[in-house]
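# Observations on chain architecture
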Amino acid sequence: NTFTATQLEHTNQMFNSFPDSLKVAYLDNTEKNVTAESDGVHQRQGRRYFSCLIDKSCSFVSLAADDESIASLRRTPKFRIELPGFPILGDGKSDNQNHAMPFMRGAFAQCIDSNQGAYFEQMMLLPCVLGEF
């Protein structure tokens, strides 16, 4: 996992602030293991890739790690779906939204950019759109 201790701490603070609604989807990877060949992992693929979902209800990882501060902040994923290969996330927002789709429930989804809402005009659009439903 490539998250720093500060990023994990900030994520846990957001989980405490929004325990019922915040969920985080992220990509994880592991090295191939002895079952990779029987699982159909391509021989030239060096890692296995997973799409993971965590929320406030996920327990903290209890495995020993090199950096205890990071191990105590990391959560065990609620869902972990293996991807068929290297996830090429280069097209921006659409790829990120597609990566999170397996974890979505319900008829509507609101996908917000990290910089959305920085403009007054964008803040005015959301109530107008919701009024259509």
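Located above this text is the structure these notes cover.
Residues numbered from 1 in each chain as written. Predicted model: local features only at pLDDT ≥ 70, side-chain atom pairs only at ≥ 80, totals over all residues. Heavy atoms only, no water.

The next thing to look at is the overall build of the chain. Across its full length, the chain holds 4 helices and 3 strands. Ordered by position in the sequence, the α and β elements of the chain form the string α-β-β-α-β-α-α. Taking all 133 residues of the chain together, the buried fraction comes to 20%. Look at the contacts in the chain between residues 6 or more apart in sequence, and 54% of them connect residues 24 or more apart. Of the roughly 10000 Å² of accessible surface on the chain, a fraction of 56% belongs to carbon and sulfur atoms. (Helix = DSSP H or I, 4+ residues; strand = E, 2+ residues; numbered from the N terminus. Buried < 20%, exposed > 50% of the residue type's maximum accessible area, 1.4 Å probe, protein only. Contact = heavy atoms within 4.5 Å. Areas by Shrake-Rupley, 256 points an atom, 1.4 Å probe, with all protein chains shown as cover.)

Here the focus is the pattern of salt bridges. In total, this model carries 3 salt bridges according to the counting rule given. Between Lys23 and Asp55 there is a salt bridge; the shortest N-O distance is 3.5 Å. Here the residue Lys23 occupies a position in strand S1 (residues 23–31), and Asp55 occupies one in strand S2 (residues 47–55), the gap between them amounting to 32 residues. Of the residues examined, Lys23 reaches a relative accessible area of 45% and is grouped as partly exposed. What you see here is one network of salt bridges that share partners, running through Lys23, Asp55 and Lys78. (Salt bridge = Lys/Arg side-chain N within 4 Å of Asp/Glu carboxyl O.)

The final tally for this structure, using the stated rule, is 1 aromatic pair. Over the face of the ring belonging to Phe50 we find Arg80, whose NZ or CZ atom lies 3.8 Å from the ring centre. (Phe/Tyr/Trp six-rings, centres within 6.5 Å; stacked < 30°, edge-to-face > 60°. Lys NZ or Arg CZ within 6 Å of the ring centre and 35° of its normal.)

So, about the sheet that holds S1. Reading across the sheet, the 3 strands line up as S1-S2-S3 and stay open at both edges, with antiparallel pairing between neighbours. This sheet does not close on itself; its edge strands, each paired only once, are S1 and strand S3 (79–82). Averaged over all pairs of adjacent strands, the angle between their axes in this sheet comes to 25 degrees, without regard to strand direction. Bridge count for S2 against S3 is 4 bridges, and the pairing is antiparallel. Its bridge partner lying in S3, Leu53 is registered against Phe79. (Pairing = 2+ DSSP bridges. Axes fitted to C-alpha atoms, helices over the stretch in contact; angles between N-to-C directions.)

In this section: the nonpolar core. Within the largest apolar cluster, 6 residues are counted, these being Phe15, Tyr26, Phe50, Cys52, Ile54 and Cys58. Element by element, the count of residues in this core is highest for S2, at 3 residues. In this view, Cys58 contacts Leu53, Arg75, Thr76, Pro77 and Lys78; residues no more than four positions away in its chain are not counted. (Core = buried A, V, L, I, M, F, W, Y, C linked by side-chain atoms within 4.5 Å.)

Let us now look at the side chain of Asp55. Taking the relative accessible area as the measure of exposure, Asp55 reaches 4% and is therefore buried. A polar contact of 2.7 Å, which involves the side chain of Asp55, links it to the side chain of Ser57. Here Asp55 is in contact with Phe15, Leu22, Lys23, Arg75 and Lys78, once residues within four sequence places are set aside. (Polar contact = N/O pair within 3.5 Å; in protein donor to acceptor, adjacent residues only side chain to side chain.)

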